[in-house]
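Structural overview
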Amino acid sequence: MLTQRQLFLQHNAQTSPEPLMLEFVRAKGIYIYDAAGRKHLDLIAGIGVSNVGHCHPAVVEAIQKQAETYMHLMVYGEYIQTPQVNFAKALADVLPPSLSCTYFLNSGTEAVEGAMKLAKRYTGRKGFIACKNAYHGSTHGAESLMESDFYSTGYGPFLPHVDFIEHNNLNDLGKITEEIAAVFIEPIQGEAGIRVANLPYMQALRARCNETKTLLIFDEIQSGFGRSGKMFAFEHFDVVPDVLLLAKGIGGGMPIGAFISSLEIMSVLSHSPILGHMTTFGGHPVCCAAGLATLRTLVDEKIVDGVEEKGNLFKKLLQHPAIKEIRGKGLMLAVEFEDFELNKKIIDSCILDGVLSDWFLHCSNSMRIAPPLIITKQEIEEACAIILKNINLVVG
């Protein structure tokens, strides 16, 4: 009989020549357990997904309750479905008044695609501005907002009328003209190795978009839902976007994305033509129930309140001559080493020692630290001790 490993290689489409091939059987809290029963401390949370931990009881209960009530009923937007309505209202309650209307989808990439269409339809313009070294997803539209040849090789050409600016570069803001429908930006760049925008830049960006009547779209697919130490990363900058993109951590482990704007802006999707944006499974009742439970857990348990302190503890404990820099906010951190080879050896060594981490697409010499937000001080100390031990093992 073939093993799971063999079946995986034969029947699951591969995305790299050398997948990690780690085989896990269950997960709980901040730990993932392999087939031998060994627990692994998860410092990446499925790339910023499991913000309230794996299988949080409140999320599991919400999923189970909704699954036995009803699941898929109709394509998005036609039936009044309580999980969608309740989650959308709960999001509006924690967001500024101008971000009160939500369109639910299945992923962050789909949120980007929906926002691109929304911006074109609302403004009547064709052009987009995005940042160099950004990551917005893996469909053609989303990849059009990423300038790296890494994506276009073998898959281009992508959409026209897209120009790129450097994150935190005030001089580039002149590229935002009255021909531009929207600027897409991550307030905290994820795959660039956790690059945090600065306050003067973000406020100048907002002012320029106001001046040119260009929509400002914040991609908080990685940084939202408490990851940065605030419920939403834009709160660090006293700037509110016209459209907010969420996914990853908002579903408590279930697949869901969203783009959020004002009722006025979102209304253009309903006419000329009708059904301006459609999805069959977006806003799935079970996923929305999980999302609502996740949001309530973050708020009721005051989880976000402790995230900044936990991030600072990682920064304090991870001191080693081999570490060049630690960047980030909250529990969205990058630990930089000399080069990819050293970083990869340390990550692999940590995995063997029971700590899961990885690197970044556009910053391969940096280790990702993005654990579930529920991680405790003791667990942070344990994780840091293991990382430092393995840095010493690799460096010698």
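About the criteria used
- Residues numbered from 1 in each chain as written.
- Predicted model: local features only at pLDDT ≥ 70, side-chain atom pairs only at ≥ 80, totals over all residues.
- Heavy atoms only, no water.
- Helix = DSSP H or I, 4+ residues; strand = E, 2+ residues; numbered from the N terminus.
- Buried < 20%, exposed > 50% of the residue type's maximum accessible area, 1.4 Å probe, protein only.
- Contact = heavy atoms within 4.5 Å.
- Pairing = 2+ DSSP bridges.
- Axes fitted to C-alpha atoms, helices over the stretch in contact; angles between N-to-C directions.
- Salt bridge = Lys/Arg side-chain N within 4 Å of Asp/Glu carboxyl O.
- Arc of directions from axis to C-beta.
- Expected span 1.5 Å × (residues − 1).
- Disulfide = S-S within 2.5 Å.

Tracing the sequence through the fold places His 277 in the loop between helix 9 (263-266) and helix 10 (285-300). Judged by its relative accessible area of 14%, His 277 falls in the buried class. Setting aside anything within four residues of it in sequence, one finds His 277 in contact with Tyr 103, Leu 105, Gly 114, Lys 117, Phe 259 and Leu 269.

Here we take up the sheet that holds strand 1 (residues 24-28). Overall, mixed pairing links the four strands, which are arranged 1-2-3-15 in an open sheet. Looking at the sheet topology across the chains shown, the edges are occupied by strand 1 and strand 15 (355-356). Relative to strand 2 (residues 31-34), strand 1 runs antiparallel, the two being bridged by four bridges. Paired with Arg 26 across the strands is Tyr 33, a residue of strand 2. Relative to the sheet, helix 13 (residues 377-395) contacts strand 2, strand 3 (39-42) and strand 15, its axis offset from that of strand 3 by approximately 100°.

Let us look at the sheet that holds strand 13 (residues 325-329). What the four strands build is an open sheet, ordered 13-14-17-16; its pairing is antiparallel. Edge strands, defined here as strands with exactly one partner in the open sheet, are strand 13 and strand 16 (359-360). In the sheet, strand 16 pairs with strand 17 (residues 363-369) via two bridges, with the strands oriented antiparallel. Opposite Phe 360, over in strand 17, you have Cys 363 as the bridge partner. Sheet strands in contact with helix 12 (residues 340-352) are strand 16 and strand 17, and its direction is about 30° off that of strand 17.

The tally for this structure, following the rule as stated, stands at eleven salt bridges. Measuring nitrogen to oxygen at the nearest pair gives 2.7 Å for the salt bridge that ties Asp 93 to Lys 89. Of the two residues, Asp 93 and Lys 89 are both situated in helix 4 (residues 82-94); the distance of four residues between them amounts to about one turn of the helix. The class for Asp 93 is exposed, based on a relative accessible area of 52%. For Lys 89, a relative accessible area of 49% puts it in the partly exposed group. Across the salt bridge formed by Arg 208 and Glu 211, the nearest N and O atoms sit 3.3 Å from each other. On the criterion of helical spacing, the pair formed by Arg 208 and Glu 211 is a turn pair, its members being three residues apart in helix 8 (residues 199-212). A relative accessible area of 22% places Arg 208 in the partly exposed class. Look at Glu 211 and you get exposed, because its relative accessible area is 54%.

Before going further, it helps to spend a moment on helix 3 (residues 57-67). Of the positions making up helix 3, those classed as buried are Val 59, Ala 62 and Gln 66. Along the axis of helix 3, the buried positions cluster into a sector of 65°, meaning they face one direction only. Across from the buried face of helix 3, at angles greater than 90 degrees, the exposed residues are Pro 57, Glu 61, Gln 64 and Lys 65. Buried residues along helix 3 sit in contact with helix 4 and helix 10.

Two elements, strand 2 and strand 3, share three bridges in a ladder whose sense is antiparallel. Looking across to strand 3, one finds that Ile 32 is bridged to His 40. Note that strand 3 and strand 15 share two bridges and pair parallel. From the neighbouring strand, Asp 42 faces strand 15, where its bridge partner is Leu 356.

The buried fraction of strand 7 (residues 180-185) amounts to six of the six residues, a majority that puts the element mostly inside the structure. Relative to strand 7, strand 5 (residues 127-131) runs parallel, the two sharing four bridges. The partner of Ile 129 across the bridge, within strand 7, is Val 183. For strand 7 and strand 10 (residues 215-219), the ladder comprises four bridges, and the chain directions are parallel. If you follow Val 183 over to strand 10, its bridge partner there is Leu 216.

Below, the discussion takes up helix 4. Between the first and last C-alpha of helix 4 there are 19 Å, a value that for 13 residues agrees with the 18 Å anticipated at 1.5 Å per step. Buried within helix 4 are the following residues: Pro 83, Gln 84, Phe 87, Ala 88, Ala 90 and Leu 91. The buried residues of helix 4 occupy an angular sector of 160° when the element is viewed end-on, so they sit on one face. For helix 4, the secondary structure elements touched by its buried residues are helix 3, strand 4 (101-105), strand 11 (243-246), strand 12 (257-261) and helix 10.

For the rest of this paragraph, the subject is unusual backbone geometry. The residue after Gly 156, namely Pro 157, is reached through a cis peptide bond having omega 0°. Put simply, Ser 272 and Pro 273 share a cis peptide bond, and its omega is 5°. Relative to the elements of secondary structure, Pro 273 occurs in the loop between helix 9 and helix 10. Here the phi dihedral of Lys 213 falls at roughly 55°; this positive angle occurs in a residue that is not glycine. By secondary structure assignment, the location of Lys 213 is in the loop between helix 8 and strand 10.

With that settled, the discussion passes to the state of the cysteines. Taken as a whole and judged by the stated rule, the model has zero disulfides. Cys 384 supplies the cysteine sulfur nearest to Cys 350, a cysteine that is in no disulfide, at a spacing of 10 Å.

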